[in-house]
Amino acid sequence: MPYTQIVLASASPRRRELLAQVGIIVRSVPAAVDETILREESAERHVVRLSEAKALAIAARREVPGRWFIGSDTVVVRDGTILGKPADAADAAAMLHSLAGRAHQVVSGFAVHDRASGHTLSDAVVTRVWIKPLTAMAIAGYLATGEPFDKAGAYAIQGHGAFMVPRIEGSYTNVVGLPLCEVLAALEQLGGPLPFS
């Protein structure tokens, strides 16, 4: 059923689909925020800051109806370096080469803002992901699908990229882009409607 009072401050179809998977059909209103990583900013702080900025930016637009506003941001972290979306095919290939045969972290931030009370709950969730060794041919074939280009770390675990992920430790939905269990818990804490209740 549609939850007309919940707005997703994102254009991401993956985040919208994750909410729909548990029966929460939301409006998506993309938020334009500066995603530049600040100096000395940790991955966790970065994604929480952007998640809050997105949720609050859309909540501040009075022409957008709704009560609860959800913002989220996801990055991949390899050896302390934050990897966002690749700039081009060469960048995507370099990212995949650097992730192959080892583990990295996927860090997703989320923020749920209640327009009625003015309260916001936010946090970051970290999942460890292992990528199998990849040949140059496998990387080239994956790039040819077009999937890596709008994904942090240049892969999508829920798509063709599943072929390269033998194991994860932590939340699967976090890797897709929205730590669903934690978001729903925050929504519940702020008095929002929940599925199956």
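Conventions used here
For every chain, the first residue of its written sequence is number 1, and the numbers climb from 1 along that sequence. Thresholds applied to this predicted model are a pLDDT of at least 70 for local features of residues and 80 or more for the giving and counting of side-chain atom pairs; totals over whole chains, interfaces and linings are not thresholded and use all residues. Side-chain descriptors were evaluated using all non-hydrogen atoms of the structure, hydrogens and water having been removed beforehand. Counting from the N terminus, the helices are DSSP H or I runs at least four residues long and the strands are E runs at least two residues long. C-alpha atoms define the radius of gyration, and 2.2 Å times the number of residues to the power 0.38 defines the globule rule. Whether a residue is buried, partly exposed or exposed follows from its accessible area with a 1.4 Å probe, protein chains only, as a fraction of its type maximum: under 20%, in between, or over 50%, in that order. The contact criterion used throughout is that any non-hydrogen atoms of two residues lie within 4.5 Å. Accessible surface is estimated by sampling points in the Shrake-Rupley manner with a 1.4 Å probe; for residues, cover comes only from the protein chains shown. For the purpose of charge, His is not counted, nor are the chain termini; Lys and Arg are scored as positive and Asp and Glu as negative. Note that the charge is assigned to NZ on lysines, CZ on arginines, CG on aspartates and CD on glutamates. The working definition used for a salt bridge is a side-chain nitrogen of Lys or Arg within 4 Å of a carboxyl oxygen of Asp or Glu. If DSSP finds at least two bridges between two strands, the strands pair. Our arc is simply the arc of the directions from the helix axis toward the C-beta atoms. Any N or O atom pair separated by 3.5 Å or less is treated as a polar contact, with the protein-specific requirement of one donor-capable and one acceptor-capable atom, and with residues adjacent in sequence counted only for side-chain atom pairs. The nonpolar core is taken to be a set of buried Ala, Val, Leu, Ile, Met, Phe, Trp, Tyr and Cys residues, with the residues joined through side-chain atoms within 4.5 Å.

**Brief notes about the overall build of the protein**
Moving on, step 1. When its secondary structure is counted, the protein shows 6 helices and 7 strands.
Moving on, step 2. Taking 197 residues into account, the globule formula puts the C-alpha radius of gyration at 16 Å, and the protein, at 17 Å, falls close to it.
Moving on, step 3. Over its C-alpha atoms, taken along the principal directions, the protein stretches across nearly 50 × 40 × 25 Å.
Moving on, step 4. In the protein, which comprises 197 residues, the share counted as buried stands at 50%.
Moving on, step 5. Taking contacts inside the protein between residues at least 6 apart in sequence as the whole, the part at least 24 apart equals 65%.
Moving on, step 6. For the protein, the exposed surface amounts to about 9,100 Å²; the carbon and sulfur share of it is 55%.
Moving on, step 7. For the protein, the distance from the average site of its 19 positive side-chain charges to the average site of its 19 negative ones is 3 Å.

**Brief notes about the pattern of salt bridges**
Side-chain pairs of opposite charge can arise whenever the charged atoms involved come near each other.
Moving on, step 1. Following the criterion strictly, the structure yields 10 salt bridges and no others.
Moving on, step 2. Across the pair Glu-35 and Lys-54 runs a salt bridge whose closest N-O atoms are separated by 3.7 Å. In this pair, Glu-35 is assigned in the loop between β2 (25–28) and α2 (43–59) and Lys-54 in helix α2, connecting sequence segments 19 residues apart.
Moving on, step 3. Across the pair Arg-61 and Glu-63 runs a salt bridge whose closest N-O atoms are separated by 2.9 Å.
Moving on, step 4. With relative accessibility at 33%, the residue Arg-61 sits in the partly exposed group.
Moving on, step 5. Through salt bridges with shared partners, a single network forms among Arg-14, Asp-150 and Lys-151.

**Some details on the side chain of Arg-14**
Moving on, step 1. Tracing the backbone through its elements, the reader meets Arg-14 in helix α1 (residues 13–21).
Moving on, step 2. Looking at Arg-14, the relative accessible area reads 17%, which means it is buried.
Moving on, step 3. Excluding its chain neighbours within four sequence positions, the residues that come into contact with Arg-14 are Asp-150, Lys-151, Gln-158 and Val-176.

**What to know about the pairing of strand β6 (residues 120–131)**
Moving on, step 1. One ladder, built from 12 bridges, connects strand β5 (residues 102–114) with β6; its direction is antiparallel. Looking at the pairing, Gly-109 lines up with Ala-124 of β6.
Moving on, step 2. Counting the residues that bridge the hairpin from β5 to β6 gives 5 residues, and of these Gly-118 lies at a positive phi of roughly 80°.
Moving on, step 3. Relative to strand β7 (residues 167–169), β6 runs antiparallel, the two being bridged by 3 bridges. Within the sheet, the bridge partner assigned to Trp-130 lies in β7 and is Arg-167.

**Let's talk about unusual backbone geometry**
Moving on, step 1. Of note, the phi angle at Glu-40 is positive, near 65°, even though the residue is not glycine.
Moving on, step 2. Within the secondary structure, Glu-40 sits in the loop between β2 and α2.

**Structural notes on the environment of Val-125**
Moving on, step 1. Position of Val-125 relative to the elements: it lies in strand β6.
Moving on, step 2. Residues Val-125 and Leu-178 lie 53 residues apart in sequence; the distance between their C-alpha atoms is 9.1 Å.

**With respect to helix α3 (residues 89–99)**
Moving on, step 1. Buried within α3 are the following residues: Ala-92, Ala-93, Met-95, Leu-96 and Leu-99. Burial along α3 is one-sided: seen end-on, the buried residues are contained in an arc of 160°.
Moving on, step 2. For α3, the capping residue at the N-terminal end is Asp-88, with a side-chain oxygen 3.2 Å from the backbone nitrogen of Ala-90.

**Comments concerning the environment of Leu-96**
Moving on, step 1. Relative to the helices and strands, Leu-96 resides in helix α3.
Moving on, step 2. Given a relative accessible area of 1%, Leu-96 falls into the buried group.
Moving on, step 3. Placed 29 residues apart in sequence, Leu-96 and Arg-67 show a C-alpha to C-alpha distance of 40 Å.

**Quick look at the nonpolar core**
Moving on, step 1. Counting 43 residues, the largest nonpolar core has Leu-19, Ile-70, Leu-96, Val-112, Ile-131, Tyr-155 and Met-164 as the members making the most contacts within it.
Moving on, step 2. The residues touching Val-112, leaving out its near neighbours within four places in the chain, are Phe-69, Ile-70, His-119, Thr-120, Leu-121, Val-183, Ala-186, Leu-187 and Leu-190.
Moving on, step 3. Core analysis: the next-biggest nonpolar cluster, separate from the first, contains 10 residues, Val-29, Ala-31, Ala-55 and Phe-69 among them.

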